[in-house]
Amino acid sequence: MTNRTYSEINQRIEKGDVVVLTAEEVKVLAEKDGVETVAKEVDVVTTGTFGPMCSSGAFLNFGHPSPPIKMGKVWLNNVPAYAGVAAVDAYIGATEHSEIEDEYGGAHVIEDLVSGKKVDLKARARGTDCYPRRQVDATIDIDSINEAFLFNPRNAYQNYAAATNSTAKTIFTYMGMLLPNLSNVNYSTSGELSPLLCDPKMRTIGLGTKIFLGGTQGFVAWNGTQFHTTRPTNDHDIPMAPAATLALIGDLKQMCPEYLKAAVYERYGISLFVGVGVPIPILDEEIAKAVCIRDSQIETHLQDYGAEGRPSLGVYNYEQLKSGRIEVDGKEITTGSMSSMYKAREISNKLKDWVAKGMFKLTEPVQGLPSNTSLQGLKPKEGTQ
Amino acid sequence: MKAKFILNFKPDMVDKPLTYLLIKEYDIKINILRGIITPGKEGRLLIEMIADDDAIEKGLEFLRNENVEVIPLQKKISLREDECVHCGACISVCPSGALEMNRENWMLVFTPEQCVACGLCKSACPLRLFKLDFAE
Ligand code: SF4
Ligand code: SF4
């Protein structure tokens, strides 16, 4: 049964009487008055996540010097950007390393740009009849360039495995430092606040869904890469392994460094913390029930990143992981997270505020996300290692 | 003088009133900052001694004679707290409990008194907010 439609919700946003709660607040209401009350009374629930998301980057258009140039190779603060697109367009990927500095990369260039800092641009070209110039060196900033938009192929992972290490030496991973002999565990999602865990069937999230991205509004552009919808689920429809993802797009010129932060993971590399928040319209009771999911109902595998094939050492829920300690093989292990609950909460509150103040209306997806997808591996040529 | 030391001692020492003796015989004020002592296993204490240099020297000599391994804490970690995003990546590597998450507001809590200056957090923080300095 439908409780409300997108246009009804938007009318209420316009009138200023929309009922909007964060994903944390709605669970408290559900526990007190039940899911039926949530379905009846709540229009919108806001989610949030702030984690390192390697698959991020930005398209930039620098404008033409005179005479013009068809940039073939581009560096921003000595970080290579991909220039194999039209003349003065380039894509700066978050994980690209500086050719000179150890702990500086594409994510830092993006953070510097949104912070309003000057960035050195170096471009080299072969020169053509229509684009005769063969090199240019310039100082740019976010206002001096034409377009700048964040375009992240894979963000907002729906669930992720927790990581530990059983070997005798420390390993350095994108899940942080994993100490020897099962001495620590790191996990990475905001659990019950996480967008794709609050609408696990993605009934309200699809192409064109307007979201919070990097401190401003952005959009779901496509399903994210490695989009996997056929993972085994638990009794609460939650996939127990990394599953759906989102490709996100938004105007870098409007974003702020509080919600886009460069990250350096020792002996692994560079990544970008991205702040993402998705508003979920409570269209019916099924969606109301989904957003009321608790950490204790969201489970994931603990994987041994030290062993080949990363075998699972057991299933844990986020209430256990967030408690600071879990028991593995009879041993108490300290847990830590990679993504910030503090920021995730801040994002869900900010988005709630925008909706409540009439600054943010909801969009119905133009098209749903794919179903029945799984992943393919990559087979190296025979005889190669 | 004020100084911090890590004391490692063998299982058979666990029952000896070491800190009591330090206080009584050597007139050293002792703050136990952290202790992991399990009967039958090796013990580990992080202590702060407050006394004049001479007394501390004698106290340390006493400990060494008792076969206690004494590691002076010469380094000090500092954190640029205002830039922290509270991700939590430093917490699980911290062996001393100096870094913990406040589970109400989900902010990092740093308790420098507990720190054993191992430096692991410095490598773990993706924002590079920790600095290891020599203590004064
Ligand atoms: S140096 Fe860092 S990790 Fe080591 S004890 Fe101190 S706070 Fe904890
Ligand atoms: S790792 Fe760095 S940013 Fe993250 S909580 Fe610790 S100090 Fe803060």
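In short, a report on the structure. Computed from a predicted model, the values in this text were never measured in an experiment.

Let us now look at the packing of aromatic side chains. Residues and elements named next belong to chain A. Using the criterion set out here, one finds 14 aromatic pairs over all chains in the structure. Here the aromatic rings of Phe 59 and Tyr 91 are separated by 4.7 Å at their centres, their planes lie at 55°, and the arrangement is tilted. Of this pair, Phe 59 sits in strand S4 (residues 57-61) while Tyr 91 is found in strand S7 (residues 89-93), placing the two residues 32 residues apart along the sequence. Judged by relative accessible area, which is 28%, Phe 59 ranks as partly exposed. We classify Tyr 91 as buried; its relative accessible area is 16%. Between the NZ or CZ atom of Lys 122 and the centre of the ring of Trp 75, over which it lies, the distance is 4.5 Å. In this arrangement the basic side chain of Lys 343 is found over the ring face of Tyr 259, its NZ or CZ atom lying 5.0 Å from the centre.

What follows deals with the sheet that holds strand S5 (residues 73-76) of chain A. Residue and element names in this part refer to chain A. In spatial order, the strands read S6-S5-S8-S9; together these four strands make up an open sheet with antiparallel pairing. Two strands lie at the open edges of the sheet, namely strand S6 (79-81) and strand S9 (135-140), each paired on one side alone. This sheet shows a mean twist of 25° between the axes of neighbouring strands, independent of strand direction. Alignment of S5 against S6, held across three bridges, turns out to be antiparallel. The residue bridging Trp 75 from the neighbouring strand is Pro 80, located in S6. Docked against the sheet, helix H4 (residues 106-114) engages S5, S6, strand S8 (119-124) and S9, running at close to 125° with respect to S8.

Counting residues at the interface gives 30 residues for chain A and 21 residues for chain B. Area buried by chain A at its contact with chain B is led by Met177(A), Tyr342(A) and Arg345(A), which between them contribute 25% of it. Between the two partners, chain A and chain B, sit two salt bridges. For the salt bridge of Arg128(B) with Glu266(A), the shortest nitrogen-to-oxygen distance reads 2.6 Å. In this assembly, chain A and chain B are joined by 12 residue pairs in polar contact (both at pLDDT 80 or more). At the level of elements, strand S14 (184-187), strand S19 (260-265), strand S25 (331-337) and helix H8 (341-356) of chain A are the ones that each hand at least two residues to the side of chain A that touches chain B. The element that contributes the greatest number of residues to the side of chain A that touches chain B is S19(A), accounting for five residues. Of the residues in the side of chain A that touches chain B, the class split is 12 nonpolar, 11 polar and seven charged.

What follows covers the pattern of salt bridges. Residues and elements named next belong to chain A. Inspection of the entire model under this criterion finds 27 salt bridges over all chains. Among the ionic pairs, Arg 203 bridges to Glu 286, the shortest N-O distance being 2.5 Å. Here Glu 286 lies in helix H6 (residues 285-291) and Arg 203 lies in the loop between helix H5 (195-198) and strand S15 (206-207), a separation of 83 residues in the sequence. Of the residues examined, Glu 286 reaches a relative accessible area of 39% and is grouped as partly exposed. Between Asp 353 and Lys 357 there is a salt bridge, and its shortest N-O distance comes to 2.8 Å. Residue class for Lys 357 comes out exposed when judged on its relative accessible area of 57%. Several salt bridges share partner residues, and in doing so they unite Lys 201, Arg 203, Asp 237, Asp 284 and Glu 286 into one network.

Every residue near ligand 1 is listed here: Cys94(B), Pro95(B), Ser96(B), Ala98(B), Leu99(B), Phe110(B), Cys115(B), Val116(B), Ala117(B), Cys118(B), Gly119(B) and Cys121(B). Residue classes in the shell around ligand 1 are distributed as 10 nonpolar, two polar and no charged.

Bridging between strand S6 (residues 99-102) of chain B and strand S7 (residues 107-110) of chain B involves four bridges; their strand directions are antiparallel. Across the sheet, the residue bridging to Asn102(B) is Met107(B), located in S7(B).

Conventions adopted
- Residues numbered from 1 in each chain as written.
- Chains lettered and ligands numbered in written order.
- Predicted model: local features only at pLDDT ≥ 70, side-chain atom pairs only at ≥ 80, totals over all residues.
- Heavy atoms only, no water.
- Phe/Tyr/Trp six-rings, centres within 6.5 Å; stacked < 30°, edge-to-face > 60°.
- Helix = DSSP H or I, 4+ residues; strand = E, 2+ residues; numbered from the N terminus.
- Buried < 20%, exposed > 50% of the residue type's maximum accessible area, 1.4 Å probe, protein only.
- Lys NZ or Arg CZ within 6 Å of the ring centre and 35° of its normal.
- Pairing = 2+ DSSP bridges.
- Axes fitted to C-alpha atoms, helices over the stretch in contact; angles between N-to-C directions.
- Contact = heavy atoms within 4.5 Å.
- Buried area = accessible area lost by both parts, 1.4 Å probe.
- Salt bridge = Lys/Arg side-chain N within 4 Å of Asp/Glu carboxyl O.
- Polar contact = N/O pair within 3.5 Å; in protein donor to acceptor, adjacent residues only side chain to side chain.
- Nonpolar A, V, L, I, M, F, W, Y, C, P; charged D, E, K, R; others polar.
- Near = heavy atom within 4 Å.

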